[in-house]
Amino acid sequence: MTNPLPLKPTHARGTRIVLVTSALALAAVAAAAYLSRDKPAHQTVLTGVAYVGLQQASVRADGWTYGISASVPWLDANGSLHEVGWPACLSAIGETVPIRFAQISVSGPRSEAWRQVLWVDCRPVTSH
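Quick caveat: nothing in here was measured; it's all calculated off a predicted structure. (Residues numbered from 1 in each chain as written. Predicted model: local features only at pLDDT ≥ 70, side-chain atom pairs only at ≥ 80, totals over all residues. Heavy atoms only, no water.)

> Can you tell me about the sheet that holds strand S4 (residues 74–75), naming the residues and giving the values?
Here seven strands make up an open sheet; going across it, the order is S3-S2-S1-S6-S7-S4-S5 and the pairing mixed. At either end of the open sheet lies a strand with only one pairing partner, and these are strand S3 (64–69) and strand S5 (81–82). Relative to strand S7 (residues 113–121), S4 runs parallel, the two sharing two bridges. Within S7, the residue paired with Leu75 across the bridge is Asp121. (Pairing = 2+ DSSP bridges. Helix = DSSP H or I, 4+ residues; strand = E, 2+ residues; numbered from the N terminus.)

This is the structure in structure tokens:
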């Protein structure tokens, strides 16, 4: 007696194993890429009063005194970005100026540490 409907082998289980294995491999690659990516530095935005000197200023904020010197990226009163130069709001020597700025914690090669000012915002502090 012959079988009226020949049985065809199904590969459903084999296909599922391949799909699951592929999905796990893809997830492992994605996780490795995520963990090894360059992470941007975490900046903290603060508001403080800057005491202005000649091309330098010190700002008291959050229990720290931050030094600003030389060239630093800054926003002018109209919100235009200046990538280099001295902030216009810090031009009056001997004056105190409320500013908004960003800082980041930096670790040096010999275990020293400091907080670096990343940028200065010369727009009025009350408008933020």
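> A description of the state of the cysteines should follow, citing residues and the corresponding values.
Applying the stated criterion to the full structure yields one disulfide. Here Cys89 is linked by a disulfide to Cys122, with a sulfur-sulfur distance of 2.0 Å. Taking the sign of the S-S torsion, -60° for the link of Cys89 and Cys122, the bridge is left-handed. Of this pair, Cys89 sits in the loop between S5 and strand S6 (96–107) while Cys122 is found in the segment after S7, placing the two residues 33 residues apart along the sequence. Here Cys122 falls in the buried class, since its relative accessible area comes to 13%. (Disulfide = S-S within 2.5 Å. Buried < 20%, exposed > 50% of the residue type's maximum accessible area, 1.4 Å probe, protein only.)

> Lay out the pattern of salt bridges with the relevant residues and their values.
As enumerated under the stated definition, the model contains two salt bridges in all. Among the salt bridges present, the one from Asp121 reaches Arg123, with a minimum N-O distance of 2.7 Å. Classification of Arg123 as partly exposed rests on a relative accessible area of 26%. Taken together, the shared-partner salt bridges in this structure form one network comprising Arg100, Asp121 and Arg123. (Salt bridge = Lys/Arg side-chain N within 4 Å of Asp/Glu carboxyl O.)

> Could you give an account of the environment of Leu75, with specific residues and numbers?
Along the chain, the position of Leu75 falls in strand S4. Residues Leu75 and Cys122 lie 47 residues apart in sequence; the distance between their C-alpha atoms is 5.6 Å. Beyond its immediate sequence surroundings of up to four residues, Leu75 is in contact with Ser80, Leu81, Val120, Asp121, Cys122 and Arg123. (Contact = heavy atoms within 4.5 Å.)

> Let's hear about the confidence of the model for the protein chain: which residues, and what values?
Summary statistics for the protein chain give a mean pLDDT of 80 and a share of 66% for residues scoring 70 or more. Low pLDDT, under 50, characterises residues 23–36; the predicted model gives this stretch zero contacts beyond four residues in sequence or across chains. (pLDDT = per-residue confidence, 0-100.)

> With reference to specific residues and values, describe unusual backbone geometry.
We note that Asp62 has phi near 55°; this positive angle belongs to a residue other than glycine. Positionally, Asp62 belongs in the loop between strand S2 (56–61) and S3. Asp62 gets classed as exposed once you look at its relative accessible area, which sits at 58%. A positive phi is found at Ser111, a non-glycine position, where the angle reads about 75°. Considering the arrangement of structural elements, one finds Ser111 in the loop between S6 and S7.

> Describe the side chain of Gln103, listing the residues and the values that go with them.
With respect to the helices, strands and loops of the structure, Gln103 is situated in strand S6. The exposure class assigned to Gln103 is buried, which follows from its relative accessible area of 4%.

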